[in-house]
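A closer look at the structure
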Amino acid sequence: MNAAISVLYMIEGCIFMAVADILLYRHSPYPDFKTGYHVSSAMESKDAWEYANKKAGHVCALCGVVLCALAAAQCLLRPGKGISLVLFFGVSVISILCAVFLPAYLLKRRFR
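Model, not experiment: these values are computed from the prediction.

Helix and strand counts for the protein chain come out as 3 helices and 0 strands. Along the chain direction, N to C, the helices and strands of the protein chain fall in the order α-α-α. For the protein chain, the proportion of its 112 residues judged to be buried stands at 32%. Contacts in the protein chain between residues far apart in sequence, at least 24 positions, make up 70% of those at least 6 positions apart. Counting only carbon and sulfur atoms, one obtains 70% of the accessible surface of the protein chain, whose full area is about 6,800 Å². In the protein chain, the 11 positive side-chain charges and the 6 negative ones have mean positions that sit 8 Å from each other.

Structure follows, in structure tokens:
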């Protein structure tokens, strides 16, 4: 069971890191909004678009690193099945919420 949950952590961590790569290095240039962090305030100016994608990429990269580190901790510490599942789903939800809302919050603070 621990190995299966560790694999889930690694898969989710790799997905976050792939999204971080897209946001940091492969997002569409302003004003073409095909690929990138899409919130209305990010699409108002070129500076806001670049800032939002940079911050969203950094947050996704951090979430990916944390998830991969938790995969290693899962293998080493071998917690029980219940704790493993609660921790996995809790960290997943927190990571997704941070990736979606934290860059928008930082963008709003910077470009008032």
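Here we take up the pattern of salt bridges. Applying the stated rule across the entire model yields 1 salt bridge. Note that D21 is salt-bridged to R26, the shortest N-O span being 3.2 Å. Since its relative accessible area comes to 54%, R26 is described here as exposed.

Take the environment of H27 next. Of note, H27 is situated in the loop between α1 (2-25) and α2 (46-77). Measuring from C-alpha to C-alpha, the distance between H27 and V86 comes to 34 Å, with 59 residues separating the pair along the chain. Those residues within four positions of H27 in sequence are excluded, and the remaining contacts are I22, T35, G36, W49, E50 and N53. Within polar-contact distance, the side chain of H27 engages the backbone oxygen of L23 at 2.8 Å.

A full pass over the atoms with the stated rule returns 5 aromatic pairs. When the centroid spacing of 5.6 Å and the interplanar angle of 75° are considered together, the rings of Y30 and F33 count as edge-to-face. Of the residues examined, F33 reaches a relative accessible area of 25% and is grouped as partly exposed. With a centroid separation of 4.9 Å and an interplanar angle of 70°, the aromatic rings of F33 and W49 are classed as edge-to-face. Of the two residues, F33 sits in the loop between α1 and α2 while W49 sits in helix α2, which places them 16 residues apart along the sequence. Every member of this aromatic cluster is reached through a ring pair, and the members are Y9, F88 and F89.

This next bit is on α1. Its 24 residues place the ends of α1 34 Å apart at the C-alpha level, agreeing with the 34 Å of an ideal helix rising 1.5 Å per residue. All of the buried residues in α1 are N2, I5, S6, Y9, E12, G13, F16, A20 and L23. Residues of α1 that are buried in the fold lie against α2 and α3 (81-110).

Where nonpolar side chains cluster on the molecular surface, the patch consists of V7, L8, I11, I15 and V19 and spans about 410 Å² of accessible area. With respect to the helices, strands and loops of the structure, I11 is situated in helix α1.

Quick look at the environment of C63 now. Tracing the backbone shows C63 in helix α2. A C-alpha to C-alpha distance of 5.8 Å links C63 and S95, two positions 32 residues apart in sequence. Aside from chain neighbours lying at most four places away, what touches C63 is F16 and S95.

What counts and how
- Residues numbered from 1 in each chain as written.
- Predicted model: local features only at pLDDT ≥ 70, side-chain atom pairs only at ≥ 80, totals over all residues.
- Heavy atoms only, no water.
- Helix = DSSP H or I, 4+ residues; strand = E, 2+ residues; numbered from the N terminus.
- Buried < 20%, exposed > 50% of the residue type's maximum accessible area, 1.4 Å probe, protein only.
- Contact = heavy atoms within 4.5 Å.
- Areas by Shrake-Rupley, 256 points an atom, 1.4 Å probe, with all protein chains shown as cover.
- Lys, Arg positive; Asp, Glu negative; His and termini not counted.
- Charge placed at Lys NZ, Arg CZ, Asp CG, Glu CD.
- Salt bridge = Lys/Arg side-chain N within 4 Å of Asp/Glu carboxyl O.
- Polar contact = N/O pair within 3.5 Å; in protein donor to acceptor, adjacent residues only side chain to side chain.
- Phe/Tyr/Trp six-rings, centres within 6.5 Å; stacked < 30°, edge-to-face > 60°.
- Expected span 1.5 Å × (residues − 1).
- Patch = residues over 30% accessible without salt bridge, like charges linked within 9 Å, V, L, I, M, F, W, Y side chains within 5 Å.

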